[in-house]
Amino acid sequence: MVVLTHQFIHPFRLPLSPPPLSRISKTKHNSIIITSSASPMDTPQTNHPKFMDFPHLSISNKNLMVDLVSKMENTLSPDLLPSSLPPEVQYFQNSSATSQGTLLIRSGTNNSLVDCILGSWIHCGLPNGGALDISTLTAYLNSKTDAPRFLIEFLQNSPKSLILILDLPPRKDLVISAEYLKTFYEETHLDELRKKLLEISEIRPYISSSLYIRALSSPTAISVTIDCESGGAARLQEIIQDHVGPIAKDMLEVWLNQCVRIERGVDESEKVELKKRDVLVKKKTVEMDLASSLPRLFGQDVADLVIKAIEKAFDIL
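Sequence order sets the numbering: in each chain, residues are counted from 1 along the sequence as written. For a predicted model such as this one, the threshold for reporting local features is a pLDDT of at least 70, and the threshold for listing and counting side-chain atom pairs is 80 or more; totals across whole chains, interfaces and linings nevertheless cover every residue. Side-chain numbers come from the whole structure's heavy atoms, not from hydrogens or water.

Visitor: I'd love a proper account of the nonpolar core, names of residues and values included.
Guide: Residues grouped as a nonpolar core are buried Ala, Val, Leu, Ile, Met, Phe, Trp, Tyr and Cys residues, joined through side-chain atoms within 4.5 Å. Exposure categories follow from relative accessible area, calculated using a 1.4 Å probe and restricted to protein chains: below 20% of the type maximum is buried, above 50% is exposed, and the middle band is partly exposed. If you look at the biggest cluster of nonpolar residues, it comprises 52 residues, and the most contacted ones within it are Phe-150, Leu-164, Ile-226 and Trp-255. Under the scheme used here, helices are H or I runs from DSSP no shorter than 4 residues and strands are E runs no shorter than 2 residues, and both carry numbers assigned from the N terminus. Looking at this core, the element that brings in the most residues is helix α7 (residues 232-260), giving 13 residues. Grouped together as the second largest cluster of nonpolar side chains are 24 residues, Phe-298, Val-306, Ala-309 and Ile-310 included.

Visitor: Quick one: what's the story with the environment of Ile-207, residue by residue and with numbers?
Guide: Among the structural elements, Ile-207 can be located in the loop between β9 (203-205) and α6 (211-216). Take Ile-207: its relative accessible area is 60%, and that puts it in the exposed class.

Visitor: Run through the side chain of Thr-136, naming residues and quoting values.
Guide: Secondary-structure assignment places Thr-136 in strand β6 (residues 131-141). What makes Thr-136 buried here is its relative accessible area of 0%.

Visitor: Outline the sheet that holds strand β5 (residues 114-125), supporting the account with residue identities and numerical values.
Guide: With antiparallel pairing, eight strands are arranged side by side in an open sheet as β3-β4-β5-β6-β7-β8-β10-β9. Both edges of this open sheet fall to β3 (91-93) and β9, since each of them pairs with a single strand only. The mean inter-strand angle of the sheet, taken between neighbouring strand axes irrespective of direction, is 15 degrees. As paired elements, strand β8 (residues 161-167) and strand β10 (residues 222-227) share six bridges and run antiparallel to each other. Directly across from Leu-166, in β10, lies its bridge partner Ile-222. In what follows, residue pairs with any heavy atoms lying within 4.5 Å of each other are defined as contacts. Axes here mean lines fitted to C-alpha atoms, for a helix over just the part in contact, with angles spanning 0 to 180 degrees between N-to-C directions. Sheet strands touched by α7: β5, β6, β7 (150-158), β8, β9 and β10. Its angle to β8, the strand with the most contacts, is close to 15 degrees. We call two strands paired when DSSP finds no fewer than two bridges between them.

The values reported here are purely geometric and, on their own, carry no functional implication.
Shown next as structure tokens:
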């Protein structure tokens, strides 16, 4: 949701969510229900899938995402507040239920280095009968440290192929910060993980069409297409389980051990610059990705609720 969604809306000619024949009402428990007056969705739905269900992912993808989220939450448990998202933001869908999504946000405590962690999955039916699935886990740190954040994102519209983004995006200019480059990208040997994946014949580099997104990435970013046309879905899942999974877990371990647990001694002037940069990146994320894609997928009312929740977590309201 937070990196590449907007790039996949136009190429797949996704159907527009129905325009405002909708209304907002409240249940007896004061939960907000958004429904279309011309849709059978007028009856509130129950037993919606949750974020950790990942109902549209294959077993290998689901197991990997569950492992990463669990590892992050368990390790950072003392540093995280409970999620306070309302039910209508934890799970959301458009009036025809062709687009569905979930959101997990947990903010950091006052004493931690964690700003927030954000997880999501989006499932969108395509006119050709297929579907676009995007699963994301990212973590932001606050201005008490200048360490990189964590990001993994899967984008898939075929059981035989997908795009993987896995990175520790930097929060400083690497050209003028040699120590930063050495500490987080050279001494951690992250580039070896990238090279290891590219040794697999079905994996090739993926280059985003957005220059801005490419500028945010680290020099060791894993941005690849995994295409198993000949081996099929079984081969794709084998690659996820045997190759992508271990590498993603190694990168998360690096982030947890080298970025979250080590004090960086950021002075007050640096904190001001870090906060300014972080706010700019968050605002651009909302502007370029969420504000352009969520209304198209879910309708304006649902999109507004989800975006507001993210802006609140990002502290950019």
